[in-house]
Amino acid sequence: ILFTLSLSFARSLSQSFRFGWVLSKSLAKMAASVQPACLDLHFSGKHPPLPKHYAISVRCVSSPNVIPEADSITGPPDIIDTSRDQRKVVRLAWEKLVRWSRSWRAKAKTDVLERTRKVVVLGGGSFGTAMAAHVARRKEGLEVNMLVRDSFICQSINENHHNCKYFPEHKLPENVIATTDAKAALLDADYCLHAVPVQFSSSYLEGISDYVDPGLPIISLSKGLELNTLRMMSQIIPTALKNPRQPFVALSGPSFALELMNNLPTAMVVASKDKKLANAVQQLLASSYLRINTSSDVTGVEIAGALKNVLAIAAGIVDGMNLGNNSMAALVSQGCSEIRWLATKMGAKPTTITGLSGTGDIMLTCFVNLSRNRTVGVRLGSGETLDDILSSMSQVAEGVATAGAVIALAQKYNVKLPVLTAVAKIIDNELTPTKAVLELMNLPQIEEV
């Protein structure tokens, strides 16, 4: 079967080149669906805006065993050229980005890491251990002291280079040293990483305050609000150390300790009102597998890190009750809005809430099973009691204590937080998960803000 089709280009859409092209594809498909055949198509045309003729020849051969797809036919020249142009634009954009990155890295300062001789980590939990290992790998010969309370963990780290309780299968760098002596750990330290749970931080710091140098930068890894006082770590630390000028940095963002220990790519943010200090901590911590952004919004970074733990419990409850993906998406979206409403009322920047310490940390904590707070929610949603859940956990789920503080803050700043309030009521055993879902679904239908 031989078809010869000539199309003359004109201004009318019905006689345009594209129409002819679509028709040709249909003819090719028709030819491929019948008996073994050969289909020769020849197109030529001249469109007024184009300076020259275009001709396309396509030969389609069909057989009962091999049937070519009409979509495999080479496209019109203008489509081919557009695709090539797009690939070129993407390639050039990437090359430009790589050149910019290399140029920036070449100018990056490394003097902070070079000057640093000793870093102390307060606390021997999972995240404190992971950060101690990370800092120790940053520089050979850097002394990293972990101040721990458990003498058994201390012995395990020093003799076997393992945290037997949290990371028994991960070997720690040999320059990580554990001690139970606060004075020895803090002596001549250049930086201090605070990894003690929020609810115990005040009493803990008061006990070691005599050994903390007034100029020692404290980098807080703890996320949460003190239940009775509603204070964040930026308020707890200077008060406990009796030094309102104690240098302070908050470290936050989507980061599981296990993945840090495995050197998996991670991004976090350091926040301080002292820009120079934030840049110094960035230099100290940033590596090929850990990106560190800086921020001046300490309130935003801290409040987002605290409230996401409460939201993670809510997300776990939804999962434990098998309410489905629609429910999960609706709940987390509402929770993100509630965190933004309260944080901005407290002086945070909205952009912080949509950054690493806000949306980034929320996504990780709400959707991944490694999250302690999410695990508490899953078990609550499955019908377990809070007392049984907490008694079986070896690590602290900060969201449990933070939930009550969040409600007090909401009342203080006159903000309605339906989801976070429901979590607090469930934790206080004043509301069942089933009843909470019913009440939330029956809230007034409102305009989204």
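Here is what the cut-offs are and how they apply
- Starting afresh in each chain, residues are numbered from 1 along the sequence in its written order.
- Only residues with pLDDT of at least 70 get local features here, since the model is predicted, and only at 80 or more are side-chain atom pairs given and counted; chain-wide, interface and lining totals rely on the full set of residues.
- Water and hydrogen atoms were dropped before computing side-chain values, which therefore reflect all heavy atoms in the structure.
- Any Lys or Arg side-chain nitrogen found within 4 Å of a carboxyl oxygen on Asp or Glu counts as a salt bridge.
- Runs of H or I in DSSP of at least four residues are treated as helices and runs of E of at least two as strands, each being numbered from the N terminus.
- Between buried and exposed lies partly exposed: a residue is buried under 20% and exposed over 50% of the maximum accessible area for its type, with that area taken using a 1.4 Å probe on protein chains only.
- Think of it like this: strands point away, you trace from the first strand over the helix to the second, and a clockwise trace means the crossover is right-handed.
- Being paired, for any two strands, means DSSP has found at least two bridges between them.
- Residues forming no salt bridge and having over 30% relative accessible area are the ones grouped into patches, like charges within 9 Å of each other and nonpolar side chains (Val, Leu, Ile, Met, Phe, Trp, Tyr) within 5 Å.
- For every accessible area listed, the method is Shrake-Rupley and the probe measures 1.4 Å; residues are considered covered only by the protein chains on display.
- Convention adopted: a line fitted to C-alpha atoms gives each axis, helices being fitted over their contacting stretch, and angles between N-to-C directions are expressed from 0 to 180 degrees.
- Note that the term roughly parallel is reserved for angles under 35 degrees, roughly antiparallel for angles over 145, roughly perpendicular for angles of 65 to 115, and oblique for everything else.
- Two helices that cross are described as forming a left-handed crossing if the nearer one is turned anticlockwise from the farther one by less than a right angle, and a right-handed crossing if clockwise.
- Any pair of residues with heavy atoms lying within 4.5 Å of one another is described as a contacting pair.
- The classification used treats Ala, Val, Leu, Ile, Met, Phe, Trp, Tyr, Cys and Pro as nonpolar, Asp, Glu, Lys and Arg as charged, and all other residues, Gly among them, as polar.
- Helix span is expected to be 1.5 Å times the residue number reduced by one.
- Any N or O atom pair separated by 3.5 Å or less is treated as a polar contact, with the protein-specific requirement of one donor-capable and one acceptor-capable atom, and with residues adjacent in sequence counted only for side-chain atom pairs.
- Looking at any residue, its pLDDT shows the predictor's confidence there, from 0 to 100.

**Quick look at the pattern of salt bridges**
Line of reasoning, step 1. In this structure the tally under the stated criterion is eight salt bridges.
Line of reasoning, step 2. Of the charged contacts in the structure, one is a salt bridge between Asp361 and Lys308, with a shortest N-O distance of 3.9 Å. Of this pair, Asp361 sits in helix α14 (residues 356-367) while Lys308 sits in helix α11 (residues 298-320); the two residues are 53 residues apart in sequence, bridging distant segments of the chain. The pair formed by Asp361 and Lys308 is uniform in burial state, with each residue classed as buried.

**Some points on the pairing of strand β8 (residues 248-252)**
Line of reasoning, step 1. Of all five residues in β8, five are buried, a share of seventy percent or more.
Line of reasoning, step 2. Taken together, strand β7 (residues 218-220), helix α8 (residues 233-240) and β8 form a β-α-β motif whose crossover is right-handed.
Line of reasoning, step 3. Of the strand pairs in this sheet, β8 and strand β9 (residues 266-271) are connected by three bridges, and their pairing is antiparallel. Following the sheet pairing, Ser252 is matched in β9 by Val269.

**Structural notes on a nonpolar patch on the surface**
Line of reasoning, step 1. A cluster of nonpolar side chains, Trp94, Leu97, Trp100 and Trp104, forms an exposed patch at the surface whose accessible area comes to about 570 Å².
Line of reasoning, step 2. Position of Leu97 among the secondary structure elements: in helix α2 (residues 77-107).
Line of reasoning, step 3. Given the relative accessible area of 41%, Leu97 is considered partly exposed.

**Describing the packing of helix α7 (residues 198-208) against α8**
Line of reasoning, step 1. Two elements in contact, α7 and α8, have axes whose closest approach is 8 Å; the angle formed by their N-to-C orientations is 20 degrees. Overall, the two elements α7 and α8 adopt an arrangement that is roughly parallel. Of the two possible hands of crossing, α7 and α8 adopt the one that is right-handed. Facing Val198, Ser201, Ser202, Leu205 and Glu206 of α7, the residues of α8 in contact are Met233, Ile236, Ile237 and Ala240.
Line of reasoning, step 2. Tallied by class, residues from the contact of α7 with α8 come to six nonpolar, two polar and one charged.

**A short note on the environment of Thr421**
Line of reasoning, step 1. Assignment of secondary structure puts Thr421 in helix α18 (residues 418-427).
Line of reasoning, step 2. Thr421 sits in the partly exposed class, given a relative accessible area of 27%.
Line of reasoning, step 3. Here the alpha-carbon distance between Thr421 and Val406, two residues 15 residues apart in the chain, equals 7.9 Å.

**Looking at α14**
Three- or four-residue spacings in an α-helix give side chains the same orientation, since the helix completes a turn every 3.6 residues.
Line of reasoning, step 1. In a regular helix each residue adds 1.5 Å, so twelve residues correspond to 16 Å; α14 covers 15 Å between its end C-alpha atoms and thus fits that length.
Line of reasoning, step 2. Looking only at α14, the buried set comprises Ser357, Gly358, Gly360, Asp361, Ile362, Leu364, Thr365 and Cys366.

**With respect to unusual backbone geometry**
Line of reasoning, step 1. Notably, Lys242 is not glycine yet its phi reads approximately 55 degrees, a positive angle.
Line of reasoning, step 2. Here Lys242 is to be found in the loop between α8 and β8.
Line of reasoning, step 3. The class of Lys242 is exposed, set by a relative accessible area of 65%.

**A closer look at the side chain of Thr116**
Line of reasoning, step 1. Within the element layout of this structure, Thr116 appears in the loop between α3 (111-115) and β3 (118-122).
Line of reasoning, step 2. Judged by relative accessible area, which is 2%, Thr116 ranks as buried.
Line of reasoning, step 3. Setting aside its immediate chain neighbours within four residues, Thr116 contacts Lys139, Leu142, Asp190, Tyr191 and Leu284.

**Let's talk about the side chain of Lys139**
Line of reasoning, step 1. Mapped onto the elements of the fold, Lys139 is located in the loop between α4 (126-138) and β4 (143-147).
Line of reasoning, step 2. From its side chain, Lys139 meets the backbone oxygen of Thr116 in a polar contact 2.8 Å long.
Line of reasoning, step 3. Those residues within four positions of Lys139 in sequence are excluded, and the remaining contacts are Leu113, Glu114, Thr116, Arg117 and Asn175.

**Quick word on the confidence of the model for the chain**
Line of reasoning, step 1. On average, residues of the chain carry a pLDDT of 86, and 82% of them reach 70 or more.
Line of reasoning, step 2. Under a pLDDT of 50 for its full length, residues 1-47 has, in the predicted model, 82 contacts with residues more than four places off or in other chains.
Line of reasoning, step 3. This model gives residues 50-58 a pLDDT under 50, and the stretch forms 22 contacts once residues within four places in sequence are excluded.

**A closer look at the packing of α4 against helix α10 (residues 275-285)**
Line of reasoning, step 1. Their axes nearest at 9 Å, the elements α4 and α10 cross at an angle of 80 degrees. In terms of orientation, α4 lies roughly perpendicular with respect to α10. For the pair formed by α4 and α10, the contact residues are Met131, His134, Val135 and Arg138 on the first element and Gln283, Leu284 and Leu285 on the second.
Line of reasoning, step 2. Counted by class, the contact of α4 with α10 contains four nonpolar, two polar and one charged residues.

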